[in-house]
Amino acid sequence: MEVVAGISLKNLKPRVWDPASPYYLPDLTAIMVSYADFHRSPSQRRAAMEQTLHAYLGVPHHIRIYLDNGAFYFLGRDGGVPRNEYEEFVQAAKPDWYPIPQDFIPTPTMDDEAQLSCLRRTMEMNIAFEHNGFVPVMHISRHLATYIDEFSKNQQLAQKDRVALGGIVPNLLRKPRAMPYANILKSLRQVRHVLAGKHLHVFGLGGTATLHLAGLFQIDSFDSAGWRNRAARGIVQLPGRGDRTVANMGSWRGREPDDKEWAILASCPCPACQQFGVEGLKMNKIKGFCNRATHNLWILLQEAQAIQIHLEAQTYRDWYHSHVENSIYRALLRDSLMLIEQESLPASN
Ligand SMILES: [Zn+2]
């Protein structure tokens with residue numbers, strides 16, 4: 001399970017991919033940049049095309065660069081993603097992974113017809129870009145069965161070795177009319193089953209619970225900008241626990257760490273905490289942001305590794321119970337385990 005760290009062109013700090021940076025994270029293997037950032041900045045777009053993304057961003061070659069098409073940004077903007085410009089960019093800037101130029105995200109509040117229209121438009125794009133390594137996209141929605149059906153009937157799409165899955169986040173965030181959790185879990189299981197052997201990327205995960213779900217459902221990679229967004233709001237992540245606020249960033253107030261959690265932070269082995277301690281996490285401005293962001297991403301990478309190790313050693317069931325502190329998350333993971341175990345029974349075929 002590869003954690004793909006979402007970054008922003010507007011501020012490349014902390015340079016967690018750079019061995020020369022104090023915030024270097026050796027376990028990081030992939031980052032994601034959004035095409036929307038390049039669309040907004042023609043000079044950066046040109047430079048990345050002239051030099052390639054790796055050279056322009058100063059990212060060593062052992063780190064894969066995923067490109068996001070910026071579907072959220074272009075949603076509701078007239079004309080959407082300029083397809084030719086996107087294709088031109090991909091060819092010159094050479095990201096290691098890139099989806100179709102645009103996908104149309106079905107939100108839970110849409111009625112069935114509107115969700116179906118998103119599917120039609122996304123499928124049209126999947127078919128128009130079935131060549132040259134563009135990764136096709138499908139969404140978790142009330143029409144997932146149609147997606148799966150159309151993917152398997154199209155010879156080119158059926159042969160693709162990489163697929164991206166979107167639309168999970170608005171459902172997990174419990175937006176109005178969101179799908180019940182049980183349906184989301186069943187959808188994940190179904191997609192993994194149908195796309196067996198293919199590299200499956202999920203857009204936009206990164207909280208503690210979703211990280212565990214990604215591991216349980218054998219997702220190959222997922223991207224997250226949460227390590228930075230949380231850092232900007234003064235928030236740090238902790239292994240197996242929810243978010244905690246350590247720096248006061250104005251009016252926004254969240255749950256602060258308790259004594260035990262401050263102790264966990266005080267002995268955190270991440271590069272930021274090792275160099276600048278708990279005081280570093282509490283700082284304001286860019287310094288505090290870099291410390292919290294590095295800490296958060298380090299926690300994410302460690303947690304992903306721990307999940308993999310316990311799944312492989314078949315010790316996950318015992319481990320998650322004591323490791324995951326939030327009872328709602330624990331229930332979600334228990335339901336997921338049940339679903340996965342049902343699948344492995346011969347009778348369920
Ligand atoms: Zn730390």
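Up top you'll find the structure we're talking about.
Residues numbered from 1 in each chain as written. Predicted model: local features only at pLDDT ≥ 70, side-chain atom pairs only at ≥ 80, totals over all residues. Heavy atoms only, no water.

Quick look at the overall build of the protein now. In terms of regular secondary structure, the protein is built from 17 helices and 9 strands. Computed over its C-alpha atoms, the radius of gyration of the protein comes to 20 Å, within 12% of the 20 Å expected for a compact globule of 349 residues. Seen through its principal axes, the protein has C-alpha atoms that stretch 55 × 55 × 40 Å. Counting contacts in the protein only where the partners sit at least 6 residues apart, residues at least 24 apart contribute 69% of the total. A total accessible area of about 15900 Å² is found for the protein, and carbon and sulfur atoms account for 51% of it. Side-chain charges in the protein split into 38 positive and 35 negative, and the spacing between the mean points of these groups amounts to 5 Å. (Helix = DSSP H or I, 4+ residues; strand = E, 2+ residues; numbered from the N terminus. Rg over C-alpha atoms; globule rule 2.2 N^0.38 Å. Contact = heavy atoms within 4.5 Å. Areas by Shrake-Rupley, 256 points an atom, 1.4 Å probe, with all protein chains shown as cover. Lys, Arg positive; Asp, Glu negative; His and termini not counted. Charge placed at Lys NZ, Arg CZ, Asp CG, Glu CD.)

Here the focus is the coordination of the zinc ion. Taken together, the protein ligands of the zinc ion are C268 (SG), C270 (SG), C273 (SG) and H295 (ND1), with distances of 2.1 to 2.4 Å. The site at the zinc ion holds 4 donor atoms, and with the angles between them running 104 to 120°, its shape is tetrahedral. For the zinc ion, all donor residues lie on one chain, and their spacing in sequence is C-x1-C-x2-C-x21-H. One end of the pair, C273, is in helix α14 (residues 271-282); the other, H295, is in helix α15 (residues 285-312), with 22 residues separating them in the sequence. There is no split in this pair, since C273 and H295 are both buried. (Donors = N, O, S within 2.8 Å, 3.2 Å for Na, K, Ca; no water. Tetrahedral: all angles 85-135°; square planar, octahedral: opposite > 155°, others 65-115°. Buried < 20%, exposed > 50% of the residue type's maximum accessible area, 1.4 Å probe, protein only.)

Attention shifts here to the packing of aromatic side chains. Taken as a whole, this structure holds 12 aromatic pairs when the rule is applied. Between the aromatic rings of W97 and F203, the centroid separation amounts to 6.1 Å while the plane-to-plane angle is 75°, which identifies the pairing as edge-to-face. One end of the pair, W97, is in the loop between α5 (83-93) and α6 (112-128); the other, F203, is in the loop between β6 (199-202) and α11 (208-216), with 106 residues separating them in the sequence. Across the pair, exposure class does not vary: W97 and F203 are buried alike. Here Y316 and Y320 contribute two aromatic rings whose centre-to-centre distance is 5.4 Å and whose plane-to-plane angle is 15°, an arrangement assigned as stacked. One end of the pair is Y316 and the other is Y320, both in helix α16 (residues 316-323) and 4 residues apart, which spans about a single turn. You'll find Y316 and Y320 in the same group, each marked buried. These aromatic residues form a ring-pair network of at least three members: Y35, F38, Y86, F89, Y98, F129 and F134. When the ring centre of W262 is taken as reference, the NZ or CZ atom of K282 above it lies at 5.1 Å. (Phe/Tyr/Trp six-rings, centres within 6.5 Å; stacked < 30°, edge-to-face > 60°. Lys NZ or Arg CZ within 6 Å of the ring centre and 35° of its normal.)

Time to look at the sheet that holds strand β2 (residues 30-34). The 7 strands lie next to each other as β3-β2-β1-β7-β6-β5-β4, forming an open sheet whose pairing is parallel. Because the sheet does not close on itself, it has two edges, and the strands there are β3 (64-68) and β4 (137-139). Ignoring which end each strand starts from, the neighbouring axes of this sheet average 30° apart. Pairing geometry for β2 and β3, over 5 bridges, is parallel. Considered in β3, the bridge of A30 is made with R64. Contacting β1 (2-6) and β7 (221-224), α15 runs over the sheet at an angle of about 165° to β1. (Pairing = 2+ DSSP bridges. Axes fitted to C-alpha atoms, helices over the stretch in contact; angles between N-to-C directions.)

All right, on to the packing of helix α2 (residues 42-51) against α5 then. If you want to describe how two helices pack, look at the angle between their axes and the distance between the axes. Look at α2 against α5: their axes get within 7 Å of each other, and the N-to-C directions meet at 40°. In terms of orientation, α2 and α5 fall into the oblique class. The residues of α5 that touch α2, namely those facing R45, A48 and M49, are E85, E88, F89, A92 and A93. (Parallel < 35°, antiparallel > 145°, perpendicular 65-115°, else oblique.)

With respect to the element layout, F134 can be found in the loop between α6 and β4. With a relative accessible area of 2%, F134 lands in the buried category. Expressed as a C-alpha distance, the spacing of F134 and I105, which sit 29 residues apart in the sequence, is 18 Å. Setting aside its immediate chain neighbours within four residues, F134 contacts Y86, E87, V90, Y98, P99, I100, F129 and K160.

Let us look at the pattern of salt bridges. For the structure on display, the rule yields 17 salt bridges. A salt bridge links D37 to R40; the nearest nitrogen and oxygen atoms lie 2.7 Å apart. Here D37 and its partner R40 are both found in helix α1 (residues 35-40), 3 residues apart, which amounts to about one turn of the helix. Its relative accessible area of 12% is what places D37 among the buried residues. By relative accessible area, R40 is classed as partly exposed at 42%. A salt bridge links R241 to E325, with the shortest nitrogen-to-oxygen separation between them at 3.6 Å. Within this pair, whereas R241 is found in the loop between β8 (235-236) and β9 (244-245), its partner E325 is found in the loop between α16 and α17 (327-344), the two being separated by 84 residues in sequence. The network of salt bridges with common partners includes R241, R244, R255, E261 and E325. (Salt bridge = Lys/Arg side-chain N within 4 Å of Asp/Glu carboxyl O.)

What is shown is where atoms sit, not what they do.
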